[in-house]
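Read off the chains here:
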Amino acid sequence: MLNIDELKFDDKGLIPAIVVDAITKKVLTLAYMNKESLNISMEKGLTCFYSRSRDELWLKGETSGNYQHIVSITADCDNDALVVVVEKDGPACHTGTDSCFTKPVYESEELHEFSYQGLIDLIRGRKIDKKEGSYTTYLFEKGTDKILKKVGEECTEVIIAAKDNDKAKIPDIRFLLDLVRLRTINGYREAMELFKVFVRMSPQMDRRIFEVDPILNGLMRNVVAADSASYGKARNLAPLAY
């Protein structure tokens, strides 16, 4: 583990901190820390930055409630920049957007970046603007019971494949749970409860499915958080959901 004294702060005593969402892997913001704010961040487990415009420390979420719970902090090869991976309580940007980076400057016509949010938007589009021949639209039209039935079928296939460490079916479950989540929050919780039952039926699946699929891990945490009195309580309960 790198010692904080080995980090290289600039002539103003600052080091850039790139904040990344632990679940979606999306870059949320670029902020700056000094040694004091970095120490506070590690002590509290919450991001604390140094505001260059206000010339003061600021704990992210202290005013808005959109705290960022730190998963890890990693320095680059030169020890002069940080990547801070977080689980966030709300929008990262002061404008209310999920990320501060929302203004495209260049996009390739041939190469396309995959994003989890892009997948969610696509699924939501199939629900609102129904496309003929789309299996996603078909499932939405058939309703929650049909989707949950498919969740059960896919869970069985994942469990059978687990003995061979085959991860190929995991995205199918994630896709189906997203369908349920976009249909109704109660259905989403019901789907996750069903999924947890299947996981418990197969000892070899314990933790493995969550270790290989961090987004599914995040979905499980979201369900626990939604059923808990506070985010802090949810973070303590989350491991129990495995």
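Just so it is clear, the model here is predicted, and its values are computed rather than measured. (Residues numbered from 1 in each chain as written. Predicted model: local features only at pLDDT ≥ 70, side-chain atom pairs only at ≥ 80, totals over all residues. Heavy atoms only, no water.)

Observations regarding the pattern of salt bridges
So, point 1. Throughout the structure, instances matching the rule amount to five salt bridges.
So, point 2. One salt bridge in this structure joins Lys88 and Asp98, with 2.5 Å as the shortest N-O distance. Of this pair, Lys88 sits in strand β6 (residues 82-88) while Asp98 sits in the loop between β6 and α2 (116-128), and the two are 10 residues apart along the sequence.
So, point 3. What makes Asp98 partly exposed here is its relative accessible area of 29%.
So, point 4. Overlapping salt bridges, with partners in common, bring together Lys26, Lys88 and Asp98 in one network. (Salt bridge = Lys/Arg side-chain N within 4 Å of Asp/Glu carboxyl O. Helix = DSSP H or I, 4+ residues; strand = E, 2+ residues; numbered from the N terminus. Buried < 20%, exposed > 50% of the residue type's maximum accessible area, 1.4 Å probe, protein only.)

Focus on helix α3 (residues 135-142)
So, point 1. Looking only at α3, the buried set comprises Thr136, Thr137, Leu139 and Phe140. The buried residues of α3 occupy an angular sector of 160 degrees when the element is viewed end-on, so they sit on one face. Every exposed residue of α3 that faces more than 90 degrees away from the buried side is listed here: Glu141 and Lys142.
So, point 2. Within two residues after α3, Gly143 carries a phi angle of roughly 100 degrees, on the positive side. (Arc of directions from axis to C-beta.)

Here's the deal with helix α4 (residues 144-162)
So, point 1. Spanning 19 residues, α4 covers 26 Å between terminal C-alpha atoms, matching the ideal 27 Å at 1.5 Å per step.
So, point 2. Those residues of α4 that sit buried are Thr144, Ile147, Leu148, Lys150, Val151, Gly152, Glu154, Cys155, Val158, Ile159, Ala161 and Ala162. (Expected span 1.5 Å × (residues − 1).)

Observations regarding the nonpolar core
So, point 1. With 15 residues, the main nonpolar core has Met33, Leu82 and Val84 as its most contacted residues.
So, point 2. Put simply, the parts of the chain that give this core at least two residues each are β1 (15-21), β2 (27-33) and β6.
So, point 3. The next biggest cluster of nonpolar side chains, apart from the first, holds eight residues, and it includes Ile123, Val151, Cys155 and Leu176. (Core = buried A, V, L, I, M, F, W, Y, C linked by side-chain atoms within 4.5 Å.)

Here's the deal with the sheet that holds strand β5 (residues 68-75)
Adjacent strands of a sheet pair through backbone hydrogen bonds, lying either parallel or antiparallel.
So, point 1. The four strands are arranged β2-β1-β6-β5 in an open sheet whose pairing can be described as mixed. The sheet terminates laterally at β2 and β5, the two strands that pair on one side only. Neighbour-to-neighbour, the strand axes of this sheet turn through a mean angle of 25 degrees, independent of strand direction.
So, point 2. In this sheet, β6 lies alongside β5 in antiparallel orientation, the contact comprising seven bridges. Among the inter-strand pairings, His69 is bridged to a residue of β6, identified as Glu87.
So, point 3. Along the sheet, helix α1 (residues 35-44) contacts β2, β5 and β6; its crossing angle with β2, the most-contacted strand, is approximately 125 degrees. (Pairing = 2+ DSSP bridges. Axes fitted to C-alpha atoms, helices over the stretch in contact; angles between N-to-C directions. Contact = heavy atoms within 4.5 Å.)

A word on the packing of aromatic side chains
So, point 1. In this structure the tally under the stated criterion is two aromatic pairs.
So, point 2. Seen in terms of ring centroids, Phe49 and Trp58 are 5.1 Å apart; in terms of plane orientation they differ by 50 degrees. Their pairing is tilted.
So, point 3. For Trp58, a relative accessible area of 29% gives the class partly exposed.
So, point 4. Aromatic pair Tyr135 and Tyr138: ring centres 5.8 Å apart, planes at 25 degrees, arrangement stacked. Note that Tyr135 and Tyr138 are positioned in helix α3 at a spacing of three residues, about one turn of the helix. (Phe/Tyr/Trp six-rings, centres within 6.5 Å; stacked < 30°, edge-to-face > 60°.)

Remarks on unusual backbone geometry
So, point 1. Positive phi, normally seen in glycine, also occurs at Asp55, with a value near 55 degrees.
So, point 2. By the secondary structure assignment, Asp55 is in the loop between β3 (48-51) and β4 (56-59).
So, point 3. What makes Asp55 exposed here is its relative accessible area of 55%.
So, point 4. Although it is not a glycine, Asn79 adopts a positive phi angle of roughly 65 degrees.
So, point 5. Relative to the assigned elements, Asn79 resides in the loop between β5 and β6.

It is worth stressing that arrangement in space is one thing and function is another; only the former is reported here.
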